[in-house]
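Residues per chain are reported as follows:
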Amino acid sequence: MPIKVLVAKPGLDGHDRGAKIVARALRDAGMEVVYTGLHQTPEMIVNAAIQEDVDVVGVSILSGAHMTVFPKIMDLLHEREVDDIVVVAGGVIQENDVPKLRALGVREVFNAEASTQDLIEGIERIVAAHGRDAARRAAQA
Amino acid sequence: MIAHRVQRDLARAISAVENGHTDVRGALAQFAALGHAQRNGARADVIGITGPPGAGKSTLVDRLIEGFRANGETVAVIAVDPSSPFTHGAVLGDRVRMQRHAGDRGVFIRSMASRTAGGGLAPATRDAVRLADAAGFDVVIVETVGVGQVELEIVAVADVIVVVTVPALGDSVQTIKAGLTEIADMFVVNMADRPGANATALDLKHMVREGAREIPVLQTVAQDGTGLPALLDALAAKRGAGDSNAVRAVRFEVVRRARDAAVRAALAALDSDDASAVLDGLRDHTISRNDAVDALLAILGGPAHAH
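Predicted model, so just to flag it, every value in this text is computed and none were measured.

**So, the overall build of chain A**
Link 1 in the chain: The helix and strand inventory of chain A stands at 6 helices and 5 strands.
Link 2 in the chain: Taking 14 Å as the expected radius of gyration for a compact globule of 141 residues, we find that chain A reaches 14 Å, a close match to that expectation.
Link 3 in the chain: In terms of principal-axis extent, the alpha carbons of chain A reach across some 40 × 35 × 25 Å.
Link 4 in the chain: A fraction of 72% describes how many contacts in chain A between residues 6 or more apart in sequence connect residues 24 or more apart.
Link 5 in the chain: Only carbon and sulfur atoms are counted for the fraction: they give 53% of the accessible area of chain A, which is about 6300 Å².
Link 6 in the chain: Charged side chains of chain A number 15 positive and 21 negative; the gap between the two group centres comes to 3 Å.

So this is what it looks like as structure tokens:
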């Protein structure tokens with residue numbers, strides 16, 4: 001069955017050309033991609049991820065607000081008792097913030113140099129290792 | 001309000017059915033076992049929104065959510081967008097127009113890729129509606145993929161069908177063609193601030209006047225909410241008017257399931273050893289295309305299928 005991905009654009013950052021290119025590339029790789037548009041709050045992103053029951057939330061952020069946005073997203077997911085949705089980051093993210101994001105539970109950070117092929121392969125790999133089906137099978141066992 | 005935990009488990013139940021991990025009965029039983037089932041048996045009003053791509057269906061759904069919420073009703077939306085027949089991928093973009101409701105616990109929005117289905121819905125849409133009903137939503141809105149004239153599966157799912165169109169998609173002859181215009185319980189000419197809206201509405205009214213049922217023709221501008229109170233009133237009147245579409249819906253669903261079963265049987269038969277031998281012959285030019293079709297149909301179910 002196809003991998004389902006939410007492509008989310010938080011905050012005031014008004015550029016979604018990259019997010020749309022990513023959505024299209026993931027579609028062409030056979031994934032089902034939910035796109036929510038610009039200016040999303042962490043609350044809106046988390047609610048959409050839960051209602052859509054996606055495998056992966058990909059948060060595209062170019063504005064530099066990642067250290068504000070990601071902690072809120074991860075907190076809300078824990079608060080709602082959703083631990084089986086993988087969160088990845090993409091966009092302009094300084095190298096010294098990458099370990100901090102990983103410590104929050106963000107599984108992968110794709111910087112601006114990542115190709116769409118890097119994204120596709122990265123997402124497929126992460127879902128196979130940490131995706132909700134793996135998590136739910138473990139929870140049932 | 002529908003609790004976060006119920007929303008989460010509803011979403012998971014829909015996935016389980018969508019991905020074939022369980023059937024709808026299993027999913028409903030599991031949902032009840034979790035203590036989430038508010039009721040069993042259809043009680044939610046199911047409103048179908050269909051029409052061509054770009055007509056404003058999602059924006060109209062956003063306005064309907066607003067209207068039902070103002071009335072204190074909870075709303076689930078199942079919005080279907082097309083899957084690629086080539087890669088099976090999909091971009092599901094209907095939420096973009098509805099995101100302002102994403103923080104409202106009285107609203108649940110689920111996008112679905114149409115996957116293998118060709119009738120404007122996804123294979124699991126009907127089951128998703130039943131699950132949303134069980135979760136206690138008052139209204140379930142089903143938005144089809146952008147349709148042409150023949151994608152009519154919404155009749156098997158919705159109690160009330162709204163066909164959305166826009167000005168200048170064709171002359172009055174389009175309104176008397178078979179298909180989409182036959183299933184409407186009401187027509188909405190959206191983007192009614194554009195030239196030609198009155199003419200389009202008039203064409204539809206003339207067509208409707210010849211029929212036996214009373215079918216309202218309304219004009220809206222979903223973008224700014226113009227015409228929405230009249231649409232909500234028309235929907236309220238239909239919702240209270242009994243289930244006149246039930247016979248049509250059941251017939252359609254029975255035919256759909258029988259067809260799906262036949263298609264599955266045909267696909268399985270094509271994987272058989274006998275079929276492979278025929279296909280090998282086709283590749284080696286020892287059998288013609290027409291003879292290969294006849295031979296495969298014979299394998300599937302005897303000569304009755306060969307014509």
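There's more to say after this.
**A short note on the packing of helix α1 (residues 4-18) of chain B against helix α4 (residues 125-134) of chain B**
Residue and element names in this part refer to chain B.
Link 1 in the chain: The contact between α1 and α4 brings their axes to 10 Å, and the two run at 155°. The orientation of α1 relative to α4 falls into the category roughly antiparallel. The chirality of how α1 crosses α4 is right-handed. Contacts between α1 and α4 involve Leu-10, Ala-13, Ile-14 and Val-17 from the former and Asp-127, Ala-128, Leu-131 and Ala-132 from the latter.

**Describing the sheet that holds strand β1 (residues 4-8) of chain A**
Link 1 in the chain: Reading across from one edge, β5(A)-β4(A)-β3(A)-β1(A)-β2(A)-β3(B) is the order of the 6 strands in this open sheet, with parallel pairing throughout. Each having just a single partner strand, β5 (108-110) of chain A together with β3 (90-92) of chain B make up the two edges of the open sheet. Strand-to-strand twist of the sheet, defined as the mean angle between neighbouring strand axes without regard to direction, takes the value 25°.
Link 2 in the chain: Sheet topology note: the β1(A)/strand β2 (residues 32-35) of chain A ladder contains 4 bridges and is parallel. Bridged to Val7(A) within β2(A) is Tyr35(A).
Link 3 in the chain: Helix α1 (residues 17-28) of chain A rests against β1, β2 and β3 (56-61) of chain A together with β3 of chain B of the sheet, and its axis sits at about 160° to β2(A).
Link 4 in the chain: Here helix α5 (residues 116-130) of chain A sits on the sheet and contacts β3, β4 (86-91) and β5 of chain A; the angle it forms with β5(A), its principal contact strand, is near 175°.

**Considerations on the pairing of β4(A)**
Here is the key point about a regular strand: its side chains alternate between the two faces of the sheet.
Residues and elements named next belong to chain A.
Link 1 in the chain: Within β4, 6 of the 6 residues are buried, which leaves it mostly tucked inside the rest of the structure.
Link 2 in the chain: Every second residue of β4 is oriented toward a common face, with Val-86, Val-88 and Gly-90 on one face and Val-87, Ala-89 and Gly-91 on the other, all of them buried.
Link 3 in the chain: Two elements, β3 and β4, share 6 bridges in a ladder whose sense is parallel. For Val-59, the partnering residue across the bridge sits in β4 and is Ala-89.
Link 4 in the chain: The β-α-β motif built from β3, the intervening helix α3 (residues 66-79) and the parallel element β4 has right-handed crossover chirality.

**As for the nonpolar core**
Link 1 in the chain: Counting 49 residues, the largest nonpolar core has Leu10(B), Met112(B), Phe137(B), Val140(B), Val142(B), Ile183(B) and Phe187(B) as the members making the most contacts within it.
Link 2 in the chain: At 6 residues, α1(B) tops the list of elements feeding residues into this core.
Link 3 in the chain: When sequence neighbours within four positions are dropped, the list of residues in contact with Val142(B) reads Val46(B), Ile47(B), Gly48(B), Ile49(B), Ile78(B), Leu121(B), Thr125(B), Val129(B), Ile154(B) and Val157(B).
Link 4 in the chain: Counting residues in each nonpolar core, the second largest holds 30 residues, with Leu6(A), Phe70(A), Ile93(A) and Val109(A) among its members.

**Here's the deal with a nonpolar patch on the surface**
Residues and elements named next belong to chain B.
Link 1 in the chain: Nonpolar side chains collect at one region of the surface, where Val-263, Leu-267 and Leu-270 lie side by side and expose about 250 Å² of accessible area between them.
Link 2 in the chain: Its place among the elements puts Val-263 in helix α8 (residues 246-270).
Link 3 in the chain: On the accessibility criterion, Val-263 (44% relative accessible area) is partly exposed.

**Section: the packing of aromatic side chains**
Residues and elements named next belong to chain B.
Link 1 in the chain: For the coordinates displayed, the defined rule picks out 1 aromatic pair over all chains.
Link 2 in the chain: Consider the rings of Phe-108 and Phe-137, whose centres lie 6.1 Å apart with planes at 45°: the pair is tilted. Note that Phe-108 is positioned in strand β4 (residues 107-113) and Phe-137 in the loop between α4 and β5 (139-143), a separation of 29 residues in sequence. Like Phe-108, the residue Phe-137 is buried in the burial classification.

**A closer look at the sheet that holds strand β2 (residues 75-81) of chain B**
Residues and elements named next belong to chain B.
Link 1 in the chain: Strand order in the open sheet formed by 7 strands is β4-β2-β5-β1-β6-β7-β8, and the pairing between neighbours is parallel. Edge positions in the sheet fall to β4 and β8 (217-219), since each of these pairs with one other strand and no more. Across the sheet, the mean angle from the axis of one strand to that of its neighbour is 20°, orientation sign disregarded.
Link 2 in the chain: Examined bridge by bridge, strand β7 (residues 186-189) and β8 share 3 bridges and lie parallel to one another. By the bridge assignment, Phe-187 is partnered in β8 with Val-217.

**Topic: the interface of chain A and chain B**
Link 1 in the chain: Each partner contributes to the interface: chain A provides 29 residues, whereas chain B provides 30 residues.
Link 2 in the chain: Buried area between chain A and chain B, both sides added, is near 2500 Å², and the carbon and sulfur share of it is 47%.
Link 3 in the chain: The tally of links between chain A and chain B comes to 4 salt bridges.
Link 4 in the chain: Secondary structure elements with two or more residues in the side of chain A that touches chain B: α1, β2, α2 (42-52) and α6 (132-140) of chain A.
Link 5 in the chain: Counting residues per element, the side of chain A that touches chain B draws most heavily on α2(A), at 6 residues.
Link 6 in the chain: The class makeup of the residues in the side of chain A that touches chain B is 11 nonpolar, 6 polar and 12 charged.
Link 7 in the chain: Pairing of β2(A) with β3(B) involves 3 bridges; the strand directions are parallel. Within β3(B), the position partnered with Val33(A) by the bridge is Val91(B).

**A look at α1(A)**
All names here are of chain A.
Link 1 in the chain: With 12 residues, α1 ought to run about 16 Å at 1.5 Å a step, and its terminal C-alpha atoms sit 17 Å apart, in line with that.
Link 2 in the chain: Here α1 has its buried residues at Ala-19, Ala-23, Ala-25 and Leu-26. Seen end-on, α1 carries its buried residues on one side only, within an arc spanning 170°.

**Points about the domain arrangement of chain B**
Residues and elements named next belong to chain B.
Link 1 in the chain: One can read the domain layout of chain B as domain 1 (39-242) and domain 2 (250-305).
Link 2 in the chain: Taken together, the contact pairs 6 residues of domain 1 with 5 residues of domain 2.
Link 3 in the chain: Approximately 480 Å² of surface area, both sides summed, lies buried where domain 1 meets domain 2, with 60% of it carried by carbon and sulfur atoms.
Link 4 in the chain: At the boundary of domain 1 with domain 2, the tally comes to 1 residue pair in polar contact (both at pLDDT 80 or more).

What counts as what
- Residues numbered from 1 in each chain as written.
- Chains lettered and ligands numbered in written order.
- Predicted model: local features only at pLDDT ≥ 70, side-chain atom pairs only at ≥ 80, totals over all residues.
- Heavy atoms only, no water.
- Helix = DSSP H or I, 4+ residues; strand = E, 2+ residues; numbered from the N terminus.
- Rg over C-alpha atoms; globule rule 2.2 N^0.38 Å.
- Contact = heavy atoms within 4.5 Å.
- Areas by Shrake-Rupley, 256 points an atom, 1.4 Å probe, with all protein chains shown as cover.
- Lys, Arg positive; Asp, Glu negative; His and termini not counted.
- Charge placed at Lys NZ, Arg CZ, Asp CG, Glu CD.
- Axes fitted to C-alpha atoms, helices over the stretch in contact; angles between N-to-C directions.
- Parallel < 35°, antiparallel > 145°, perpendicular 65-115°, else oblique.
- Left-handed = near helix turned anticlockwise from the far one by under 90°.
- Pairing = 2+ DSSP bridges.
- Buried < 20%, exposed > 50% of the residue type's maximum accessible area, 1.4 Å probe, protein only.
- Right-handed = clockwise from strand over helix to strand, strands pointing away.
- Core = buried A, V, L, I, M, F, W, Y, C linked by side-chain atoms within 4.5 Å.
- Patch = residues over 30% accessible without salt bridge, like charges linked within 9 Å, V, L, I, M, F, W, Y side chains within 5 Å.
- Salt bridge = Lys/Arg side-chain N within 4 Å of Asp/Glu carboxyl O.
- Phe/Tyr/Trp six-rings, centres within 6.5 Å; stacked < 30°, edge-to-face > 60°.
- Buried area = accessible area lost by both parts, 1.4 Å probe.
- Nonpolar A, V, L, I, M, F, W, Y, C, P; charged D, E, K, R; others polar.
- Expected span 1.5 Å × (residues − 1).
- Arc of directions from axis to C-beta.
- Domains from an automatic or database assignment.
- Polar contact = N/O pair within 3.5 Å; in protein donor to acceptor, adjacent residues only side chain to side chain.

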